Amino acid sequence: MIDLLLKSLAETIGMVAISTMLSLLIGLPLAVLLFTSSPDGIRPMPWLYRLIGAFVNIFRSIPYIILMVLLIPLTRILVGSAIGTAAAVIPLSLAGSLLIARLIEDSLRGIPKGLIEVGISMGATHTQIIRKILLPEALPSIIAGLTTVIINIVGFSAMAGTVGGGGLGDFAIRFGYQRYNVTLMLVVVAILVALVYLVQMIGDYWVKQSRK
């Protein structure tokens, strides 16, 4: 049983790590596009902002369990199966990327407009303003937001176990809930709490480091 628990823990960590990387790869450009195309952005395109904003808002409003079911056809196309840890990465990445997009957009909005105006007055291009001013200035807030997203992904990964997503959630359902083993379920909960606590500690540390 301990071997199965450790295997499930490894699956959860793997799902969270891969989903976080994919979420960041998708969510960061999406956030920058939302910020720059907003009416107050450095390159306003209201129609594009409304289009992307509507997409993000619609999918963010869908409960994660339902989102997993809706994405089953896409998941089968991409990974060849609708169950298992590889399949769970697809909805986890989508849910995480949408969270990251909004959180980073909010972080960028918190940057004083004077800094952007200084960059423009010095002849900086939009790309240079994003790379040299916006992202570095928003880094502490971005790290804090990413920490929140990772914690959410840990929770989502546990939910994925209810529909065969593998990991600690699946372990808790099969060997805890279905066998009425309350002790085992509490152990899984304790591990998940420890993971969240560890992620928060690491996130807080990097936020402090980025502010120095």
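*Asks:* I tried to follow the environment of Val56 on my own but got confused; where do I start?
*Replies:* Relative to the helices and strands, Val56 resides in helix H2 (residues 46-60). Spatially, the C-alpha atom of Val56 lies 18 Å from that of Gly41, the residues being 15 residues apart in sequence.

*Asks:* Any chance you could explain the packing of helix H1 (residues 2-37) against helix H8 (residues 167-177) here in plain terms?
*Replies:* Packed helix pairs are specified by the crossing angle of their axes together with the interaxial distance, meaning the distance between the axes. As a packed pair, H1 and H8 sit with axes 6 Å apart at the nearest point and diverge in direction by 145°. Of H8, the residues touching H1 (which contributes Leu4, Leu5, Ser8, Leu9, Glu11, Thr12 and Met15) are Gly167, Leu168, Phe171 and Phe175. Classifying every residue of the contact of H1 with H8 by side-chain character gives seven nonpolar, three polar and one charged.

*Asks:* What exactly am I supposed to notice about a nonpolar patch on the surface here?
*Replies:* Together, Ile18, Met21, Leu22, Leu25 and Ile26 make up a nonpolar patch on the protein surface, roughly 480 Å² of accessible area in all. You can call Leu25 exposed: its relative accessible area is 63%.

*Asks:* Would you mind showing me how to read the pattern of salt bridges here?
*Replies:* Two side chains bearing opposite charge may form a pair once their charged atoms approach each other closely. Per the counting criterion, the structure on display carries two salt bridges. Where Arg102 meets Glu105, a salt bridge forms, and the shortest distance between an N and an O atom there is 2.7 Å. Residue Arg102 and its partner Glu105 are located together in helix H5 (residues 85-109), separated by three residues, close to a single helical turn. With respect to burial, Arg102 and Glu105 carry one shared label: buried. Here Arg109 ties to Glu105 by a salt bridge, and the two come within 2.9 Å at their closest N and O atoms. Of this pair, Arg109 and Glu105 both sit in helix H5, four residues apart, roughly one helical turn. Given the relative accessible area of 36%, Arg109 is considered partly exposed. Residue classification places Glu105 among the buried residues on the basis of a relative accessible area of 2%. A single salt-bridge network, built from bridges that share partners, covers Arg102, Glu105 and Arg109.

*Asks:* Any chance you could explain the side chain of Ser37 here in plain terms?
*Replies:* Here Ser37 is to be found in helix H1. On the basis of relative accessibility, which here comes to 0%, the residue Ser37 falls in the buried class. Other than its neighbours up to four places away in sequence, Ser37 contacts Arg43, Pro44, Met45, Pro46, Leu48 and Tyr49.

*Asks:* Before we go on, may I ask you to explain the environment of Val187 in this structure?
*Replies:* Mapped onto the elements, Val187 comes out in helix H9 (residues 182-210). Judged by relative accessible area, Val187 falls into the partly exposed class, the value being 32%. It is 40 Å that separates the C-alpha atoms of Val187 and Ala54, two residues lying 133 residues apart in sequence.

*Asks:* Looking at this model, I keep getting lost on the packing of aromatic side chains. Mind explaining?
*Replies:* Two aromatic rings, taken as a pair, are described by how far apart their centres are and by the angle between their planes. Applying the stated criterion across every chain, the model contains three aromatic pairs. Consider the rings of Tyr64 and Phe156, whose centres lie 4.7 Å apart with planes at 10°: the pair is stacked. Residue Tyr64 is found in helix H3 (residues 64-70), and its partner Phe156 is found in helix H7 (residues 126-160); the two are separated by 92 residues along the sequence. Look at Tyr64 and you get buried, because its relative accessible area is 6%.

*Asks:* Looking at this structure, how should I read the nonpolar core?
*Replies:* Ranked by internal contacts, the top residues of the largest apolar core, which has 51 residues, are Tyr64, Leu92, Leu108, Leu134, Val188 and Leu192. Counting only elements with at least two residues in this core, the list comes to H1, H2, H3, H5, H7, H8 and H9. In terms of residue count, the dominant contributor to this core is H7 (12 residues). Those residues in contact with Leu92 that sit more than four places away from it in its chain are Met15, Ser19, Ser23, Tyr64, Ile153, Phe156 and Ser157.

Reading guide: rules and limits
- Residues numbered from 1 in each chain as written.
- Predicted model: local features only at pLDDT ≥ 70, side-chain atom pairs only at ≥ 80, totals over all residues.
- Heavy atoms only, no water.
- Helix = DSSP H or I, 4+ residues; strand = E, 2+ residues; numbered from the N terminus.
- Axes fitted to C-alpha atoms, helices over the stretch in contact; angles between N-to-C directions.
- Contact = heavy atoms within 4.5 Å.
- Nonpolar A, V, L, I, M, F, W, Y, C, P; charged D, E, K, R; others polar.
- Patch = residues over 30% accessible without salt bridge, like charges linked within 9 Å, V, L, I, M, F, W, Y side chains within 5 Å.
- Areas by Shrake-Rupley, 256 points an atom, 1.4 Å probe, with all protein chains shown as cover.
- Salt bridge = Lys/Arg side-chain N within 4 Å of Asp/Glu carboxyl O.
- Buried < 20%, exposed > 50% of the residue type's maximum accessible area, 1.4 Å probe, protein only.
- Phe/Tyr/Trp six-rings, centres within 6.5 Å; stacked < 30°, edge-to-face > 60°.
- Core = buried A, V, L, I, M, F, W, Y, C linked by side-chain atoms within 4.5 Å.

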